[in-house]
Amino acid sequence: MVSNSEEMSTSSEKVNCDACPILCRISPGKTGSCDRYGNFNGKLQRIDPVILTQNVIDQNEAVVPFEKQTKKWDGSVLNPESIFPTALGAGTTYPDYKPAPFIIASRHHDVDMVTVVTEGIFSYCSYKIKIDTDRYVGPEKASVRCQGEEVGHVITAEYGSQMLSLGGVHHLTGGSKQEGRVTCQMMMDLGNKKSVEFEVDEGSRLVIKAGSAPIIDGEQEERMRVGCGSATIGIFAKQWHGHVDEVIVVDEHITGMLSEHQAGRFLGMEPSGIRVRGRRSTPGRYFQVANPGHGWGGTDISNPLEIIDRIKKGVTYPGLRLLMVSTTGEDATYFVFDENLKPCEQKMPKILQKVVDRIGENCEPACSSVLFMAGAGGSLRAGVTENPVSLTRSVQNLLTRITCGGAPVYVWPGGGITIMVDVTKMPENSFGSVPTPAIVAPIEFTMNLSDFEALGGHMEQVQNLEDLTQQRETLIAQWNQDNPWPYN
Amino acid sequence: MQETNAEPLKRNDRLYLQHGPIDIIAHVEAPEEIRIHLYSCAKNRFNTILEELVAELDLLRLPWSINNPVPQGSIALKMLAAVSDSQVFITPMAAVAGSVADEVLNTLLFEAKKQDSFLKHIQKMYVNNGGDIAFWLNQGSSYSLGVVDNAEIPELNIKVCLPYESRVRGIATSGWRGRSLSLGIADAVTVLARSASIADVAATLIANDVNIKYQGIEKRPASEVKDDSDLGSIPVTVHVPPLPEEQTSKALHQGLRTARKFIKAGKIESAYLSLQQQRLVIENNLDEIYNE
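### Describing the overall build of chain A
Move 1: Along chain A, the regular secondary structure elements total 8 helices and 35 strands.
Move 2: Considering only contacts within chain A whose residues lie at least 6 apart along the sequence, 64% involve residues at least 24 apart.

### Things to note about helix α8 (residues 245-264) of chain B
Residues and elements named next belong to chain B.
Move 1: With 20 residues, α8 should reach 28 Å at 1.5 Å per residue; the first-to-last C-alpha distance of 28 Å fits that figure.
Move 2: On its buried face, α8 sits against β9 (188-193), α6 (196-209), β12 (268-275) and β13 (278-283).
Move 3: In the segment just after α8, Gly 266 is the residue with positive phi, at about 75°.

### So, the sheet that holds strand β19 (residues 254-257) of chain A
Residues and elements named next belong to chain A.
Move 1: Strands sit in the order β21-β22-β19-β18-β24-β25-β26 across an open sheet of 7 strands; the sheet is mixed. Unpaired on one side and paired on the other, β21 (279-280) and β26 (343-346) mark the two borders of the sheet.
Move 2: In this structure, strand β18 (residues 246-250) lies alongside β19, joined through 2 bridges in antiparallel fashion. By the bridge assignment for β19, Val 249 is matched with Gly 256.
Move 3: Helix α3 (residues 229-240) contacts β18, β19, β22 (285-287) and β24 (321-326) of the sheet and is inclined by roughly 25° relative to β19.

### As for the nonpolar core
Move 1: Core analysis: the biggest nonpolar cluster contains 74 residues, and B:Val191, B:Ala199 and B:Ala202 have the highest contact counts within it.
Move 2: Not counting residues within four places of it along the chain, the set of residues in contact with B:Val191 comprises B:Ala172, B:Ala199, B:Ala202, B:Ala203, B:Ile206, B:Ile268 and B:Ala271.
Move 3: Listed in part, the 70 residues of the second largest apolar core include A:Cys125, A:Leu206, A:Met373 and A:Ile402.

### Some points on unusual backbone geometry
All names here are of chain A.
Move 1: Phi at Asn 429 is positive, roughly 50°, even though this residue is not glycine.
Move 2: As for its position among the elements, Asn 429 is in the loop between β31 (418-422) and β32 (432-434).
Move 3: Owing to 15 C-beta atoms within 10 Å, Asn 429 belongs among the partly exposed residues under this scheme.

### Observations concerning α3(A)
Residues and elements named next belong to chain A.
Move 1: The end-to-end C-alpha distance of α3, which contains 12 residues, comes to just 14 Å, noticeably less than the 16 Å that a straight helix rising 1.5 Å per residue would cover.
Move 2: When we look at burial in α3, the residues that qualify are Gly 229, Ser 230, Thr 232, Ile 233, Gly 234, Phe 236, Ala 237 and Trp 240.
Move 3: Of the surrounding secondary structure, the elements contacted by the buried residues of α3 are β18, β19, α4 (262-266), β22, β24 and α5 (350-361).

### What about the confidence of the model for chain B?
Residue and element names in this part refer to chain B.
Move 1: Mean pLDDT over chain B: 88, with 90% of residues reaching 70 or higher.
Move 2: The spread of mean pLDDT over the elements of chain B runs between strand β1 (residues 5-9), the lowest at 54, and α6, the highest at 96.
Move 3: Here residues 288-292 is modelled with pLDDT under 50, and outside its nearest four sequence neighbours on either side it reaches 5 contacts, counting other chains as well.
Move 4: Both scores are given for the predicted complex: the pTM is 0.59, the ipTM 0.75.

Procedures and definitions
- Residues numbered from 1 in each chain as written.
- Chains lettered and ligands numbered in written order.
- Predicted model: local features only at pLDDT ≥ 70, side-chain atom pairs only at ≥ 80, totals over all residues.
- Helix = DSSP H or I, 4+ residues; strand = E, 2+ residues; numbered from the N terminus.
- Contact = placed C-beta atoms within 7 Å.
- Expected span 1.5 Å × (residues − 1).
- Pairing = 2+ DSSP bridges.
- Axes fitted to C-alpha atoms, helices over the stretch in contact; angles between N-to-C directions.
- Core = buried A, V, L, I, M, F, W, Y, C linked by C-beta atoms within 7 Å.
- Buried ≥ 20, exposed ≤ 12 C-beta atoms within 10 Å, placed from the backbone.
- pLDDT = per-residue confidence, 0-100.

Below is the structure:
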C-alpha cells in the first residue's frame, strides 16, 4: 500500500517513467500517477514486484530490482533452472479471479515442469501456535484475546509445549466487526513474523513472535524442559548414581523420585524413606505434586521442601544426600539430612552441578512456532484447472507439490486441500488481507507439465519465466536454503 | 512503452482494461456472442483513451473558469461539463475517473444499440474504473454495491441495491486515504448520481468539506505528496488521528451541508459519508425517487 506521506530520499533527481503515455517525472520517494511505479533510491521501481527466488549457493545478497529500461532479461546472468517463482506479488483479482496469475513452465532435470502461482484468498484459515514452555498459560478451551477481542483459544497441551489455535473464519467473520478487524490484523502480523500480545482468560499474558522465545506474564522464557520429572530421571539416573542418595525432579506434571523409579531400582538404589505429596502413578512417578505456576519446574513451588510430605524414620538416615532439581535444571538445591533427620541445604558438589548443568544443556531454547493452516480446496483451484477435484487428487497422490512462498507445506489427509506451513520458512511480508475480511497468502502448485495437462490445467496460460519478466517487474530474492527445492 | 492490457477474465466473463493509472473491470451480462462483440468494441475504444487525455492534460489541469479554453476530446468535454459552474476551486481532473467510466459504458451502449436484437438480450452492463462506476440496467435488473470505508480495516461497511426504477446510474467514492488527494478527512464519501462523472465530482467536493480543525490532523501541499498535482500547493490530508465523537460528528455535518446542496441542485441522488466510527446518509426525498 502506498501511503500519502512518503519519505524523501537523499537524491533530488527525478526519474522518467515510460510505462504509459502520461510519462510522469517522479520525484524521489514518490509514485507516479498510476501508483504502480515509483522513484526509490534514484531508480524507477515497480511498487508490487513479483518475487522470484533464486537458489544459488554462492550468492550473498540477491535482491535485484528489474529496471523497466532493460527490456530483455539477460538469460546468461541467471540460470532459469535456479529460479523458483513464488506467489508473492503475483496478485489476484478480488472478489473474482482469472486463471492463477502465473503459470510458469520450466525444465528441470530434463523434465518439463510447471508451477502455478497465485496469491490465495483464505477465509478459512488459522494459526496453530506451539509455545515451548513449562509455564502455565491457561486452561484448555480458555479464550485467547487480543486487544480484548476473542481471537482464538487454548488447545490440547503437548509435550513441553502449550498450544493455541488462533484466527479462523468464525472470529474473522462470525463475530462483531471489531472482532473481525482485530483478528485479521493479528493474523497478518503473526504470519509476517511480528510480535503480537495476547491475554488468555484465566491464564497468562503472552507475547508471541514466530521463531522467538515466548514472553509469558512479562518474563521471557529461556528453555524448554528436557522432559517431565520421570523422563529426566530416566535420562540422568546413571550420572547421579553414587553421588547422591535421592533425587527428586520437580515438575508440574509428573514429579520423579529416583530411588523408587524404575531407573533407580535398576541401579540397585535403596529407598530413601522420603514421601512426596500428591498421587503416586507408578513407583517414582507422582501426579499433582504441585499446581501449575511460575516457580520451580512450571509449578507454584518456590521452596522445594514444601513438596515433601513426610519421611520414614528408620529408612531415612542422617547424612542422606538429597538433590532437588527442576526439569530445566534452572532450579536446583542440594540437601543433606542432619542427625534430627531435617534436610539442610548445602553447597552443591561439583559433580552434581555438572549433571544439573547438563540438564540445562539438554533443554532447547524455548520458541514460539507459528503454523499457518488453510484450506486451498475452494475456488482457488479453478485458477489452476477446469476440473478442481483433479487438482485435489493429484495433491493427494503426491503428483503435485504445494509450497507457500516456496516453503514446504504439510497436507492434511482426507478430503480437500488443507495445508499447514511454518511461517518462519516463508519470505518477508508474505501475508496480506482483503476487506471480507480474509487473509491473502502466496501458494504455488508444482507438477510435471504432462500431469498438469492431464488434470485439465489451463495450458493456454502457460508461459516461460522470460515472458513473465517482460510483463511484470520482478525481484529476485535468495532462496531459503533450509527449504527443499520444489523441482527435485 | 507498455501496451494497453486488455483481456477477458475467463472465470466470470469480465473485461479487464488497464493502462497507466486506468484500471477498469467491465461486465456485460448477455449471451456470449453479444458479450464478446461488445468487449471487442470496448477494447478498441480503450486503446487511445489515455493518449487523448494526455494530449489535453494542460487544459484539464486548469482550475475551472468560464474563460478557459475548451478541450476537444469526448472524455475531456464530459469532465469539463461535470465541473462547470462550480462555486469552489476545482479542476476537470476531479471528474476524470468517472468520465472515463462513462465513456467506456457509452461505447458499449452505442454498439449494443447498433444491432437490432442486442439490447433486449442484455441484462445489465457496468464499467468499474477503480471504484468509480457507470452502469446500465435493463428493465427488471438491478445493480448491487458494497462500500469499504477504509481498506486498512477490512470490512464491508454498507450494501446498496439499485433497481432499474432508481435514477442512479453512476457511483463514485472519495476519501483521503485513496489514490486521489483530498482536502478533507473523510474515510469515504460515496455518491450515487445519474452519471459517474457527476458522482465523481460530487464525491470529491463533499469529501473535501468533511473537515475540522483538530490537533494531529496533518496536511501537506499537494505537490509535495504527488508530483505535478493539479491541486498545486493546496494542503491535502496525509494523516488523521483517532477523533473524539463530537469532532467526528462536526466534520461529517460540514460535508453533509455540501451533499445537501448537490441534492437540492438535482445533481445527485444520495451520499454516504463516513469518518472513523460514524456514518451519515442523505437521500433525495424532494420528489419521487422511483418512477412508475
